[in-house]
Amino acid sequence: MAIAEELRSGCFWRGVLAEASATLIFVGVVLGASAAPGALAPALAGGLVAGALACTLGAPQANPALTLALLCTRKLGALRGAAGLLAQCAGAVLASAAARLVLPEDAGLVTRVSVAGTAGQALAWETFATFQLALAAFAAADRAAPQGGLALGSAVAAGALAAGPFSGGSMNPARSLGPAIVTGIWDDHWVYWLGPVLGAVLAGLSYEFVFAPGASREKLGACLACRDVALVETTSPSPSSPSTRGPPDPPAEQGQGTA
């Protein structure tokens, strides 16, 4: 589809609006829960809202790390990916601005490296936590399981609980970007982009070319050669699990879930 034609498509703009709305809701819920002491409340709130959004808004990513993983595995077009990233960041900033108006402590909005830890430790935990989240997202979308929302919500909560003591358990660059913009606190902000993006991209590549039922060397070669992976999937299905996936569904083009 040509760029001009896609920009005139109502489906395209509905997808962009879904990404902005889902990220606003997700970040707003997590920031509100962050006012409570401890890491349990934001972890549970994030998991619950991620599962709910996955079941209601067509499984938007609401996470730049997942969007970039879809781009790297060629499951998402460049235009939709760029528009989704901008929408996610805008939604996160709006949610953070609203949270700053109603919450008593600005600094509590920002994800921070633990005082007892280092930026390297926080990076490792953000990478690991996002890896398991993205792996669950890719698997849930690929298998179209009815309990996909539960799997995604559980992965969000588990990752937040595991990484929380070290990095705050962000796993989502937009969740960290919004508060940083509205508060002006940028301490170790690079950790919350590099870690989640690295983890999500590694998970996406691992699933698509190793764990997926239709994984094959042909798919990997198509990705590395910047060819359409979907064409390989339709012409070279797996003997044990023939590929029946058609054109991707907007806005995620693969329904990768929310985080």
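How each quantity is defined
- The numbering scheme is per chain: residues are counted from 1 as the chain's sequence reads.
- The predicted origin of the model limits local features to residues at a pLDDT of at least 70 and limits the giving and counting of side-chain atom pairs to 80 or more, whereas totals for whole chains, interfaces and linings rest on all residues.
- Think of the side-chain values as coming from all heavy atoms in the structure, minus any hydrogens and water.
- A run of H or I in DSSP becomes a helix once it reaches four residues, and a run of E becomes a strand once it reaches two; helices and strands are each numbered from the N terminus.
- Burial classes follow relative accessibility: with a 1.4 Å probe on protein chains only, a residue under 20% of its type's maximum area counts as buried, one over 50% as exposed, and anything between as partly exposed.
- Pairs of N or O atoms within 3.5 Å make up the polar contacts considered here, provided that, within protein, one atom can donate a hydrogen while the other can accept it, and that residues adjacent in sequence are counted only when both atoms are side-chain atoms.
- Note on definitions: a residue-residue contact is assigned when non-hydrogen atoms from the two residues lie within 4.5 Å.
- Each reported salt bridge corresponds to a side-chain nitrogen of Lys or Arg within 4 Å of a carboxyl oxygen of Asp or Glu.
- Buried residues of nine kinds, namely Ala, Val, Leu, Ile, Met, Phe, Trp, Tyr and Cys, make up a nonpolar core once their side-chain atoms join them within 4.5 Å.
- Only the stretch in contact is used when a helix axis is fitted, and all axes are lines through C-alpha atoms; the angle between N-to-C directions ranges over 0 to 180 degrees.
- Relative orientations are named as follows: roughly parallel for angles under 35 degrees, roughly antiparallel for angles over 145 degrees, roughly perpendicular for angles from 65 to 115 degrees, and oblique for any other angle.
- Note: crossing handedness is left-handed where the near helix turns anticlockwise from the far helix by less than a right angle, and right-handed where it turns clockwise.
- Any residue outside Ala, Val, Leu, Ile, Met, Phe, Trp, Tyr, Cys, Pro, Asp, Glu, Lys and Arg is labelled polar, Gly included; the first ten of those are nonpolar and the last four are charged.

Undergrad: Explain the side chain of Thr127 residue by residue, including any values.
TA: Position of Thr127 among the secondary structure elements: in helix 6 (residues 119-143). The exposure class of Thr127 is buried, given its relative accessible area of 14%. Among the polar contacts listed, one links the side chain of Thr127 to the backbone oxygen of Leu123, at a separation of 2.8 Å. Not counting the four nearest positions on each side in its chain, Thr127 is found in contact with Gly195, Leu198 and Gly199.

Undergrad: Describe the pattern of salt bridges, and please don't skip the residues or the numbers.
TA: Summed over the entire model, instances satisfying the criterion amount to 3 salt bridges. Taking the shortest distance from any N to any O, the salt bridge between Glu6 and Arg80 comes out at 2.7 Å. Residue Glu6 is found in helix 1 (residues 3-7), and its partner Arg80 is found in helix 5 (residues 78-102); the two are separated by 74 residues along the sequence. Of the two residues, Glu6 and Arg80, neither departs from the other in class, the shared state being buried. Of the charged contacts in the structure, one is a salt bridge between Lys75 and Glu208, with a shortest N-O distance of 3.5 Å. Remark: Glu208 occurs in helix 9 (residues 191-211) and Lys75 occurs in the loop between helix 4 (64-72) and helix 5; sequence separation between them is 133 residues. In this structure, Lys75 and Glu208 share a single accessibility class: buried.

Undergrad: For the nonpolar core, give the residues involved together with the corresponding values.
TA: Soluble globular proteins tend to bury their nonpolar side chains together. Core analysis: the biggest nonpolar cluster contains 42 residues, and Phe26, Val27, Leu133, Val156 and Met171 have the highest contact counts within it. Contributions of two or more residues to this core are made by helix 2 (10-33), helix 3 (40-56), helix 4, helix 5, helix 6, helix 7 (148-167) and helix 9. Among the elements that line this core, the one with the most residues is helix 6, at 7 residues. Residues contacting Val27, with those up to four places away along its chain left out, are Ala92, Ala95, Ser96 and Arg175. Ala119, Leu123, Val191 and Tyr192 belong to the second largest nonpolar core, which has 6 residues in total.

Undergrad: I'd like a rundown of the packing of helix 2 against helix 8 (residues 173-183), residues and numbers included.
TA: Helix 8 packs onto helix 2 with a crossing angle of 70 degrees between their chain directions and a minimal axis gap of 10 Å. As summarised for this structure, helix 2 and helix 8 are arranged roughly perpendicular, according to the angle between their axes. In the crossing of helix 2 with helix 8, the sense of the turn from one axis to the other is right-handed. Residues Thr23, Val27, Val30 and Leu31 of helix 2 lie in contact with helix 8, whose contacting residues are Ala174, Arg175 and Pro179. In terms of residue class, the contact of helix 2 with helix 8 is made up of 5 nonpolar, 1 polar and 1 charged.

Undergrad: Explain unusual backbone geometry to me, and be specific about the residues and the numbers.
TA: The phi angle at Arg74 is positive, at roughly 60 degrees, despite the residue not being glycine. On the secondary structure map, Arg74 appears in the loop between helix 4 and helix 5. Looking at Arg74, the relative accessible area reads 33%, which means it is partly exposed. Backbone geometry at Asp188 places phi at a positive 55 degrees, although glycine is not the residue there. One can find Asp188 in the loop between helix 8 and helix 9.

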